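# Results of the structural survey
What follows is each chain in one-letter form.
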Amino acid sequence: GAGVSQSPSNKVTEKGKDVELRCDPISGHTALYWYRQSLGQGLEFLIYFQGNSAPDKSGLPSDRFSAERTGGSVSTLTIQRTQQEDSAVYLCASSLQTLGQGGETQYFGPGTRLLVL
Amino acid sequence: TQLLEQSPQFLSIQEGENLTVYCNSSSVFSSLQWYRQEPGEGPVLLVTVVTGGEVKKLKRLTFQFGDARKDSSLHITAAQPGDTGLYLCAGAYGANNLFFGTGTRLTVIP
């Protein structure tokens, strides 16, 4: 596709359930980023991938959060035993290269709106 | 923690008015970006400023990077209803870190 796509667009789940969020980056983009955005607020960095490896996982809020990327393309963000405070919009972005290599423009997907009841 | 504070947090103005949004930090950034986000969508990059003191213009939008590369401003001339949205600044720090500001929600009333 022409842009970053994310699925599902909306997810409502019950507290304690696991959820899996998917991101399809722009073809050829080696860097992929996950952010979390609370209602009307700025973005909180979660994790980024360079290829299939995640050099920086420091932004993940707890060990209930994990992410993987396969084939240098699709990435999934998994939240285990969801809590109400996990409710937010989860945004994915991709870029041609990571920031330090000059390819700084990040292209964002529309996000997945997660509501934990 | 790299903290980027934006002001004002909310801004509601009449069509045709001018406005300035500020992005301030105590940290130095290698570059700074401005994004606009509309409801239900991801942020869209407007501009990247790299050099201290740099000024970039995008139609009615003027972006300035502070001399010390710690702060930035966005000035909109003759605001239009289409300018309505959440404006986010983001500072680049290191090889992969992009720290986003707290956001300014702008509403332009026709």
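Heads up: the structure comes first, above all this text.
Notes on the structure in this doc start here. This one's a predicted model, so the numbers in the text were calculated from it and none came from an experiment. (Residues numbered from 1 in each chain as written. Chains lettered and ligands numbered in written order. Predicted model: local features only at pLDDT ≥ 70, side-chain atom pairs only at ≥ 80, totals over all residues. Heavy atoms only, no water.)

## Some words on the sheet that holds strand 1 (residues 5–7) of chain A
Residue and element names in this part refer to chain A. Convention followed: Strand pairing is assigned whenever DSSP detects at least two bridges linking the two strands. A run of DSSP states H or I qualifies as a helix once it reaches four residues; a run of E qualifies as a strand once it reaches two. Both are numbered from the N-terminal end. Axis lines are fitted to C-alpha atoms, over the contacting stretch for helices. Their N-to-C directions set the angle, which ranges from 0 to 180 degrees.
One open sheet holds the 4 strands; their spatial order is 1-3-8-7, and the pairing between them is antiparallel. Two strands bound the open sheet, and with one partner strand each, they are strand 1 and strand 7 (65–69). Direction aside, the axes of adjacent strands within the sheet are offset by 15° on average. In the sheet, strand 3 (residues 19–24) pairs with strand 8 (residues 75–79) via 5 bridges, with the strands oriented antiparallel. Within strand 8, the position partnered with Glu20 by the bridge is Thr78.

## Some details on unusual backbone geometry
Geometrically, the link from Ser7(A) to Pro8(A) is a cis peptide bond, its omega value of -10° lying close to zero. Looking at where Pro8(A) falls in the secondary structure, it is placed in the loop between strand 1 and strand 2 (10–13). The omega torsion of the bond from Ser7(B) to Pro8(B) falls at -5°, within 30 degrees of zero and hence cis. In this structure, Pro8(B) sits in the loop between strand 1 (5–7) and strand 2 (10–14).

## Looking at the nonpolar core
Residues and elements named next belong to chain B. Here is the rule: By nonpolar core we mean a set of buried residues, namely Ala, Val, Leu, Ile, Met, Phe, Trp, Tyr and Cys, connected to one another through side-chain atoms within 4.5 Å. Residue burial is assigned from relative accessible area. The probe radius is 1.4 Å, only protein chains are included, and a residue is buried under 20% of its type maximum, exposed over 50%, and partly exposed in between. Throughout, a contact is declared for two residues whenever any of their heavy atoms are within 4.5 Å.
Counting residues in hydrophobic clusters, the biggest one holds 21 residues, and the most contacted among them are Leu19, Leu32, Trp34, Phe63, Leu74, Ile76 and Leu106. Elements that contribute at least two residues to this core include exactly strand 3 (19–24), strand 4 (31–37), strand 5 (44–49), strand 7 (61–65), strand 8 (71–76), strand 9 (85–93) and strand 11 (104–109). Leu19 has contacts with Leu11, Ile13, Leu74, His75, Ile76, Ala79 and Leu106, leaving out every residue within four places of it along the chain.

## Here's the deal with the pairing of strand 3 of chain A
All names here are of chain A. Residues Val19, Leu21 and Cys23 point to one face of strand 3 and are all buried, whereas Glu20, Arg22 and Asp24, pointing to the other face, are not buried. Pairing of strand 1 with strand 3 involves 3 bridges; the strand directions are antiparallel. The residue bridging Ser5 from the neighbouring strand is Asp24, located in strand 3.

## With respect to the pattern of salt bridges
Filter applied, for reference: Throughout this description, the term salt bridge denotes a Lys or Arg side-chain nitrogen within 4 Å of a carboxyl oxygen of Asp or Glu.
Inspection of every chain in the model, using the stated rule, returns 6 salt bridges over all chains. Put simply, Glu44(A) and Arg36(A) hold a salt bridge, and the shortest N to O gap is 3.1 Å. Here Glu44(A) falls in the partly exposed class, since its relative accessible area comes to 33%. Residue Arg60(B) pairs with Asp83(B) through a salt bridge whose shortest N-O separation is 2.9 Å. Placement of Arg60(B) in the loop between strand 6 (55–58) and strand 7 and of Asp83(B) in the loop between strand 8 and strand 9 is noted, with a sequence separation of 23 residues between them. Here Arg60(B) falls in the partly exposed class, since its relative accessible area comes to 27%. Judged by its relative accessible area of 5%, Asp83(B) is buried.

## Details of the environment of Leu3(B)
All names here are of chain B. Mapped onto the elements of the fold, Leu3 is located in the segment before strand 1. Overall, the relative accessible area of 49% leaves Leu3 in the partly exposed class. Put simply, Leu3 and Ser27 are 24 residues apart on the chain and 7.8 Å apart in space, counted from C-alpha to C-alpha. When sequence neighbours within four positions are dropped, the list of residues in contact with Leu3 reads Asn24 and Ser25.

## So, the sheet that holds strand 1 of chain B
Residues and elements named next belong to chain B. One open sheet holds the 5 strands; their spatial order is 1-3-8-7-6, and the pairing between them is antiparallel. Edge positions in the sheet fall to strand 1 and strand 6, since each of these pairs with one other strand and no more. Neighbour-to-neighbour, the strand axes of this sheet turn through a mean angle of 15°, independent of strand direction. By the bridge criterion, 5 bridges tie strand 7 to strand 8 in an arrangement that is antiparallel. Its bridge partner being in strand 8, Phe63 is matched across the sheet by Leu74.

## Comments concerning the side chain of Gln106(A)
All names here are of chain A. Quick reminder of the rule: Between N or O atoms, a polar contact is any pair within 3.5 Å; within protein, one atom must be a potential hydrogen donor and the other a potential acceptor, and residues adjacent in sequence are included only when both atoms are from side chains.
Tracing the sequence through the fold places Gln106 in the loop between strand 9 (88–95) and strand 10 (107–108). A relative accessible area of 2% places Gln106 in the buried class. Within the structure, the side chain of Gln106 is placed 2.8 Å from the side chain of Tyr35, a separation counted as a polar contact.

## Focus on the packing of aromatic side chains
Convention followed: Here is the rule: rings of Phe, Tyr and Trp (six-membered ring for Trp) pair when centre to centre is within 6.5 Å. Planes less than 30 degrees apart are stacked, more than 60 are edge-to-face, and the remainder are tilted.
Tallied over the entire structure, the rule returns 9 aromatic pairs over all chains. Judged by centre distance (5.3 Å) and plane angle (80°), the rings of Tyr35(A) and Phe100(B) are edge-to-face. Note that Tyr35(A) is positioned in strand 4 (residues 31–37) and Phe100(B) in strand 10 (residues 97–100), a pairing that runs across two chains. The exposure classification of Tyr35(A) matches that of Phe100(B), with both residues buried. Aromatic pair Trp34(B) and Phe63(B): ring centres 6.5 Å apart, planes at 45°, arrangement tilted. Of this pair, Trp34(B) sits in strand 4 while Phe63(B) sits in strand 7; the two residues are 29 residues apart in sequence, bridging distant segments of the chain. An identical accessibility class is assigned to Trp34(B) and Phe63(B); each is buried. An aromatic cluster is present here, built from Tyr33(A), Tyr35(A), Phe45(A), Tyr48(A), Phe108(A), Tyr35(B) and Phe100(B) joined pairwise through their rings.

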